[in-house]
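One letter stands for each residue in the lines below.
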Amino acid sequence: MDFSIKAFDNKNTIASAKTGCVAVAVFENRKLSQAAQALDGAGAITQALKSGDITGKPGSTLLLRGLDGVAAERVLLVGLGNADGVTEKAFTSGVQAALKVFATLGAADAFIALPLAELKERDVNWAIRAVVVSARDSIYRTDAQKSKKDPAPAGVKKIALAVPNNAGTKLALAQAIAVANGMQLTKDLANLSANVCTPTYLAETAKSLGKEYKFNVEVLERKQLEALKMGSFLSVTNGSEQPPKFIVLKHMGGKPKDAPVVLVGKGITFDTGGISIKPGPGMDEMKYDMGGAASVLGTFRAIGEMGLKLNVIGIVPACENMPSGRATKPGDIVTSMNGLTIEVLNTDAEGRLILCDALTYAERFNPAAVIDVATLTGACIVALGHHHSGLFTRDDDEHNALAEEIAASGRATGDTVWRLPIGEQYNEQLKSNFADLANIGSPGGGSCTAAAFLENFTRKYPWAHLDIAGTAWKSGAAKGATGRPVPLLANFLINRA
């Protein structure tokens, strides 16, 4: 889908726009937006409201054809609720409703002339991003591995946004498209079956991104990982025939001496649970256990496309967690890269075992901040459902500021987080009689003990952990990856730049 900006003024009016469809807003209490008024010369829109054909409630729509004095073939009335202040929820409902209608039309192009610059507590840049991301999500397809593809949808292929045509809106549109492209890559990777999207496949994807966007990409193999003494990461790979890959991407868009932001993504391309094997029902969804890795790669596509002037490092430890005669057993003790020994009480708590070595590896970059992203715990879903990603940091001034920075990016993009606690109370639950710490805690606070485990490996830099177990994918009839938290991460990096 193509997007563009089309500013309208006295010389270039909406009524004279030649397009397949123009979407304008109407409100409750029979009020018209300025764009709707400009198309209502013959009174057809006013009459539609008076007759009750459209209420103006958020998400209501009415398609009109052949309006006198209007060059567009169709006019789509979109309800946005209260005329005194369009809320984020009402605007999003209206945009999604308009896109559903666009998908049914025989028109190739359309204008969205909703009041993008007149939202309550949101600016025009937010509105542009909301339209682009929603539009791309509405046409996303999951039939990549079908022998017969689903019928190609008809409908609008080009959308022009009626907003001021200036440097700010042009930049906002370019950034929105880049984020949507990053989300698509994240969804594509996560939705692939695990026999295709292996650790090697993720490594090849990273190399392809490197060629396209001039990233430096390094892939460490097993012998190199052994030399680095990544005993914790390697313990997870023991049961798999697939070779592990430790992927490092570098986007050096800032000044050479600027400390980078490091993104670390959990890359378990399939998680059986290992010897602590998971129940069979729903295990197919464990192909999504590399959602953190997919989001890091998707974010790199976005920042590469934007040419972001910031130094960013991506680290993806990638492997499978499989049972076999070689697999790590409950009760085994492994030594991590930083020298701490870990008693593996449950081999299904494997994500933290690969992340801890990746977090130690991140020290070499002297980072300004490290954010790890992982589908880490089912406990986070119990706590937060599928609405917010879990956010964990240390409780001090520096980390409170980092937490608010991340949360603000979540609020700005609708890719929200909720901060949960860590601390010595949770480390107490990780005590082991035989090793420095156990890989699972005593019962209670499972997402907090998992984050507390990771915190032991992050004390040389500012750090935050995002548990995306509840937000990276959907189950049921809508099964599929969501592309989160690419919008949050991209916005965080844009703000840092």
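Residues numbered from 1 in each chain as written. Predicted model: local features only at pLDDT ≥ 70, side-chain atom pairs only at ≥ 80, totals over all residues. Heavy atoms only, no water.

Going by what an unreviewed UniProt entry lists, the chain is known as Probable cytosol aminopeptidase and is assigned to Pseudoduganella umbonata. UniProt's Subcellular location (unreviewed entry) comment on the chain is quoted here verbatim: "Cytoplasm". One UniProt comment on the chain, placed under Function (unreviewed entry), says "Presumably involved in the processing and regular turnover of intracellular proteins. Catalyzes the removal of unsubstituted N-terminal amino acids from various peptides." (UniProt positions renumbered as here; feature names shortened; annotations may be inferred.)

A. Geometry of the overall build of the chain. If you tally the helices and strands in the chain, you get 15 helices and 21 strands. Scaling as 2.2 N^0.38, a compact globule of 497 residues should have a C-alpha radius of gyration of about 23 Å, and the chain matches this with 25 Å. Seen along its three principal axes, the alpha-carbon backbone of the chain occupies a region of about 85 × 50 × 45 Å. Taken across its 497 residues, the chain has 56% of its residues classed as buried. Expressed as a percentage of contacts within the chain between residues at least 6 apart in sequence, the contacts between residues at least 24 apart total 76%. (Helix = DSSP H or I, 4+ residues; strand = E, 2+ residues; numbered from the N terminus. Rg over C-alpha atoms; globule rule 2.2 N^0.38 Å. Buried < 20%, exposed > 50% of the residue type's maximum accessible area, 1.4 Å probe, protein only. Contact = heavy atoms within 4.5 Å.)

B. Layout of the layout of surface pockets. If you add up the space inside the largest pocket, you get close to 1,300 Å³. Lining the largest pocket we find 40 residues, and of these Q96, V133, S134, D137 and K474 sit closest to its centre. Every element with two or more residues in the lining of the largest pocket is listed here: helix 3 (88–102), helix 4 (124–138), helix 5 (167–191), helix 12 (397–413), strand 20 (473–474) and strand 21 (480–481). When residues of the lining of the largest pocket are assigned to their parent elements, the largest contribution, nine residues, is made by helix 3. When residues of the lining of the largest pocket are assigned to domains, at least three fall in each of domain 1 (2–161) and domain 2 (181–496). (1 Å grid on protein atoms, 1.4 Å probe; cavity = no way out; pocket = protein on both sides within 12 Å on 5 of 7 lines; lining within 4 Å. Points joined across faces, edges and corners; volume = space filled by probe spheres on them. Domains from an automatic or database assignment.)

C. Highlighting the domain arrangement of the chain. By domain assignment, the chain separates into domain 1 (2–161) and domain 2 (181–496). The C-alpha centroid of domain 2 is placed 39 Å from the C-alpha centroid of domain 1. Contacts between domain 1 and domain 2 engage nine residues on the former and 13 residues on the latter. When the two sides are added together, the surface that domain 1 and domain 2 hide from each other amounts to roughly 910 Å², 37% of it contributed by carbon and sulfur. Among the residues domain 1 hides against domain 2, the three largest losses belong to R136, Y140 and Q145. Together they make up 56% of the total. Along the contact surface separating domain 1 from domain 2 lie one salt bridge. At the junction of domain 1 with domain 2, the criterion picks out ten residue pairs in polar contact (both at pLDDT 80 or more). Here the residues of the side of domain 1 that touches domain 2 sort into three nonpolar, two polar and four charged. (Buried area = accessible area lost by both parts, 1.4 Å probe. Salt bridge = Lys/Arg side-chain N within 4 Å of Asp/Glu carboxyl O. Polar contact = N/O pair within 3.5 Å; in protein donor to acceptor, adjacent residues only side chain to side chain. Nonpolar A, V, L, I, M, F, W, Y, C, P; charged D, E, K, R; others polar.)

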